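Listed below, chain by chain, are the residues.
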Amino acid sequence: MPRSLSGRSFLKLLDFSTEEIQYLLELAKDFKRMKRAGTPHKYLAGKNIVLLFEKTSTRTRCSFEVAGNDLGMGVTYLDPGSSQMGKKESLEDTAKVLGRMFDGIEYRGFDQQIVENLAKHAGVPVWNGLTTDFHPTQMLADVLTIEEHFGHYKGLTMVFMGDARNNVANSLMVVSAKLGINFVACGPKDNMPDDKLVKTCKAIAKENGCTITLTEDVKKGTKNADVIYTDIWVSMGEPDEIWEQRIKLLSPYQVNDAVMANANPGAIFLHCLPSFHDLETTIGVDIHKKFGLPEMEVTDKVFRSPQSKVFDEAENRMHTIKAVMYATLK
Ligand code: CP
Ligand code: NVA
């Protein structure tokens, strides 16, 4: 058992030991069992949290809200346009004010430095709900989903396909290194994770008996994969003009039948969501009109196949976020 996480912020997985991440996963399993059994768990009644979103969200916002309510807390949501932060009030002042009123603060937005600074000044735990660099709560849900499916995660191989330098890919590389999962970033060389982060993760991976591999080769990269993971090709905060270039660059890394067939038999497909796998979104329709693509980072067939565990993964966001809030606020 790790020492208590009480009072800690959850900003990036690099700040947490293997044992601490395992402890959060165990807690999440307990909370999932309680939720399924209908056992009340209002362990944090009387506390209040605020959710600061500078980017849009479905899963992360709802997970924090439902988990907060289940734990008995008051939850306040501030949307991208309705706080003074950064416009009329400095980050430091905002953090100090919110820290006086709330027991915990969730932040989704841009630079990692913003969430790090919030934590520095708030005096209460701050949780990273996604920055340009990292998306650490997502990875807890991903690993929980992998463990539920395979019964374990250590020694498995996870391949991230596509924009391998985005927040999700970075965080997957870190969590893999920490938990002994072999990680492969499979994408074009200009979309590979930052050298410094790769070096740090390789050193952590060595300690935990696993490997970090970067490859542009889809065939080699996806061979022996137990988990094929992808994410959208243009992340929030990136300009619309970049779509054309990304489509050209990342189309060879689409997750399709050929990719799944090349992976291990029994491999699963994960995606943090939202996903462009059909023409049921306005952006999907727009891209189809401009570039002719009916689906993007994953085919609709793979997305809807039995190998796809994306909705288990989405549900697990709530159980794992509950674990993070409980561990840091109790
Ligand atoms: N996966 C994820 O973070 O989804 P949202 O953007 O809907 O929160
Ligand atoms: N890379 C994506 C993740 C969304 C959950 C983004 O930042 O938009």
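Just above, that's the structure.
Since the model is a prediction, treat every value here as computed from it, not as a measurement. (Residues numbered from 1 in each chain as written. Chains lettered and ligands numbered in written order. Predicted model: local features only at pLDDT ≥ 70, side-chain atom pairs only at ≥ 80, totals over all residues. Heavy atoms only, no water.)

The helix and strand inventory of the protein stands at 13 helices and 9 strands. Expressed as lengths along the three principal axes of its C-alpha atoms, the size of the protein is roughly 55 × 45 × 40 Å. Burial status across the protein gives 57% buried among its 330 residues. Excluding contacts between residues fewer than 6 apart, the proportion of contacts in the protein whose partners are at least 24 apart in sequence is 75%. As displayed, the protein offers around 14,000 Å² of accessible surface, 51% of which is attributable to carbon and sulfur atoms. In the protein, the 40 positive side-chain charges and the 43 negative ones have mean positions that sit 3 Å from each other. (Helix = DSSP H or I, 4+ residues; strand = E, 2+ residues; numbered from the N terminus. Buried < 20%, exposed > 50% of the residue type's maximum accessible area, 1.4 Å probe, protein only. Contact = heavy atoms within 4.5 Å. Areas by Shrake-Rupley, 256 points an atom, 1.4 Å probe, with all protein chains shown as cover. Lys, Arg positive; Asp, Glu negative; His and termini not counted. Charge placed at Lys NZ, Arg CZ, Asp CG, Glu CD.)

On to the layout of surface pockets, then. To locate leftover empty space, one rolls a probe as large as a water molecule over the atoms. For the largest pocket, the calculated volume is near 640 Å³. For the lining of the largest pocket, the elements supplying multiple residues, two or more each, are helix H2 (59-70), helix H6 (167-179), helix H9 (243-250) and helix H11 (282-291). At 6 residues, H11 tops the list of elements feeding residues into the lining of the largest pocket. A volume near 370 Å³ is recorded for the second largest pocket. What lines the second largest pocket is a set of 20 residues, and nearest its centre among them are Thr132, Asp133, Phe134, Arg165 and Asn170. Of the residues in the lining of the second largest pocket, the class split is 6 nonpolar, 7 polar and 7 charged. (1 Å grid on protein atoms, 1.4 Å probe; cavity = no way out; pocket = protein on both sides within 12 Å on 5 of 7 lines; lining within 4 Å. Points joined across faces, edges and corners; volume = space filled by probe spheres on them. Nonpolar A, V, L, I, M, F, W, Y, C, P; charged D, E, K, R; others polar.)

With that settled, the discussion passes to the packing of aromatic side chains. Applying the stated criterion across every chain, the model contains 9 aromatic pairs. Between Phe31 and Tyr43 the ring centres are 6.3 Å apart and the planes differ by 45 degrees, which places this aromatic pair in the tilted class. One end of the pair, Phe31, is in helix H1 (residues 18-37); the other, Tyr43, is in the loop between H1 and strand S1 (48-53), with 12 residues separating them in the sequence. Overall, the relative accessible area of 44% leaves Tyr43 in the partly exposed class. When the ring centre of Phe16 is taken as origin, the NZ or CZ atom of Arg8, which lies over that ring, is 4.4 Å away. (Phe/Tyr/Trp six-rings, centres within 6.5 Å; stacked < 30°, edge-to-face > 60°. Lys NZ or Arg CZ within 6 Å of the ring centre and 35° of its normal.)

Ordered by their spatial adjacency, 5 strands build an open sheet running S7-S6-S5-S8-S9, and the pairing between neighbours is parallel. Each edge of the open sheet carries a strand with a single partner, namely strand S7 (212-215) and strand S9 (268-271). When the angles between neighbouring strand axes are averaged without regard to direction, this sheet yields 20 degrees. Note: strand S5 (residues 157-161) against strand S8 (residues 227-230), 4 bridges, orientation parallel. Bridge pairing links Met158 to Val227 in S8. This element, H6, spans S5, strand S6 (182-186), S7 and S8 of the sheet and lies at about 170 degrees to S5. The sheet contacts of helix H13 (residues 310-329) involve S8 and S9, and relative to S9 the element is tilted by about 45 degrees. (Pairing = 2+ DSSP bridges. Axes fitted to C-alpha atoms, helices over the stretch in contact; angles between N-to-C directions.)

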